[in-house]
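Take a look at the letters that make up each chain.
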Amino acid sequence: MERWITSMNQKKHWWLYVLLLFLGFAVGALLFTLRPTPALPVKESMSISTQNGNPRNTPVVQAVKKSGPAVVGITNKAYAKDYFNRTVQTGEGIGSGVIFDSRGYIVTNFHVIDGASELIVSLADGRSFPAQLVGGDPATDLAVVKIEATDLPVAILGDSDTLQIGEPAIAIGNPLG
């Protein structure tokens with residue numbers, strides 16, 4: 001019987017050791033996650049270049065400021081004849097485009113102009129002009145429209161031959177017209 005009691009005491013101690021080991025791991029993990037981490041030094045080459053010392057004036061912000069005036073809203077109006085042979089507006093869509101030529105050429109998506117009876121282009125400066133479809137390709141979802149206007153802002157487009165893998169790309173538009 002004494003042997004059995006000694007064996008039970010050893011088993012009790014064994015569970016105590018496991019419990020202490022588990023608590024040690026838990027406290028160690030907690031201390032490891034709560035330790036302060038030193039800030040890594042930022043190399044000059046890693047910092048975001050800004051203009052005029054304003055950290056919010058990033059290259060993306062600068063690109064949007066330059067290209068923004070060339071972004072236009074395009075309204076697509078569709079008309080049809082009703083039962084009494086009256087012309088009624090049957091639909092309207094809106095989208096965006098970008099002026100890429102000072103003669104009034106604007107690139108947009110084909111789905112923006114698809115089925116249009118009338119196209120109206122609204123410029124960032126508040127002017128609006130009727131537009132004519134020059135051409136479109138539903139397979140690539142691209143279209144070109146033209147407006148008759150002067151003093152048009154033109155977007156400066158990049159050269160895709162000079163792009164490198166991993167460089168950021170910016171899409172600028174006016175999705176609500």
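Nothing here was measured: the structure is a model prediction, and the numbers come from that model.

**Regarding unusual backbone geometry**
Here's step 1: Look at D141: it is not a glycine, yet its phi comes out positive at around 60°.
Here's step 2: Position of D141 among the secondary structure elements: in the loop between β5 (128–137) and β6 (142–147).
Here's step 3: Taking the relative accessible area as the measure of exposure, D141 reaches 24% and is therefore partly exposed.
Here's step 4: Look at D151: it is not a glycine, yet its phi comes out positive at around 55°.
Here's step 5: Within the fold, D151 resides in the segment after β6.
Here's step 6: The class of D151 is exposed, set by a relative accessible area of 70%.

**Notes on the pairing of strand β3 (residues 105–108)**
When a strand is regular, its side chains alternate between the sheet's two faces.
Here's step 1: Of the two faces of β3, only one is covered, namely that formed by I106 and T108; the face formed by Y105 and V107 stays uncovered.
Here's step 2: Between strand β2 (residues 87–101) and the antiparallel strand that follows it, β3, lie 3 residues; G104 among them carries a positive phi value of about 100°.
Here's step 3: Bridge count for β3 against β6 is 4 bridges, and the pairing is antiparallel. When the bridges of β6 are listed, T108 appears paired with A143.

**Structural notes on the nonpolar core**
Here's step 1: Counting 21 residues, the largest nonpolar core has I74, I106, V121, L123 and I147 as its most contacted members.
Here's step 2: Elements supplying a minimum of two residues to this core: β1 (71–81), β2, α3 (110–113), β4 (118–122), β5 and β6.
Here's step 3: The contact partners of V121, leaving out residues within four places of it in the chain, are V72, G73, I74, I106, R127, S128, F129, A131 and I147.

**Some remarks on the sheet that holds β1**
Here's step 1: Spatially, 6 strands are ordered β1-β2-β3-β6-β5-β4 in a closed barrel, and the strand pairing comes out antiparallel. Sheet twist, expressed as the mean angle between neighbouring strand axes with direction ignored, is 40°.
Here's step 2: Sheet analysis places β1 next to β4, joined by 5 bridges and oriented antiparallel. Residue K77 lies in a different strand from β4, and its bridge partner there is E118.

**Quick look at a nonpolar patch on the surface**
Here's step 1: Side chains of F100, V107, L142 and L157 sit close together on the surface and give an oily, nonpolar patch of about 340 Å² of accessible area.
Here's step 2: Tracing the backbone through its elements, the reader meets L142 in strand β6.

**Some words on the pattern of salt bridges**
Here's step 1: Scanning the entire structure with this criterion turns up 4 salt bridges.
Here's step 2: With a shortest N-O distance of 2.9 Å, D82 and R86 are connected by a salt bridge.
Here's step 3: Its salt-bridge partner being R127, residue D125 comes within 2.9 Å of it at the nearest N-O pair.
Here's step 4: On the basis of relative accessible area, R127 is assigned to the partly exposed category, the value being 27%.

Definitions and limits used
- Residues numbered from 1 in each chain as written.
- Predicted model: local features only at pLDDT ≥ 70, side-chain atom pairs only at ≥ 80, totals over all residues.
- Heavy atoms only, no water.
- Helix = DSSP H or I, 4+ residues; strand = E, 2+ residues; numbered from the N terminus.
- Buried < 20%, exposed > 50% of the residue type's maximum accessible area, 1.4 Å probe, protein only.
- Pairing = 2+ DSSP bridges.
- Core = buried A, V, L, I, M, F, W, Y, C linked by side-chain atoms within 4.5 Å.
- Contact = heavy atoms within 4.5 Å.
- Axes fitted to C-alpha atoms, helices over the stretch in contact; angles between N-to-C directions.
- Patch = residues over 30% accessible without salt bridge, like charges linked within 9 Å, V, L, I, M, F, W, Y side chains within 5 Å.
- Areas by Shrake-Rupley, 256 points an atom, 1.4 Å probe, with all protein chains shown as cover.
- Salt bridge = Lys/Arg side-chain N within 4 Å of Asp/Glu carboxyl O.

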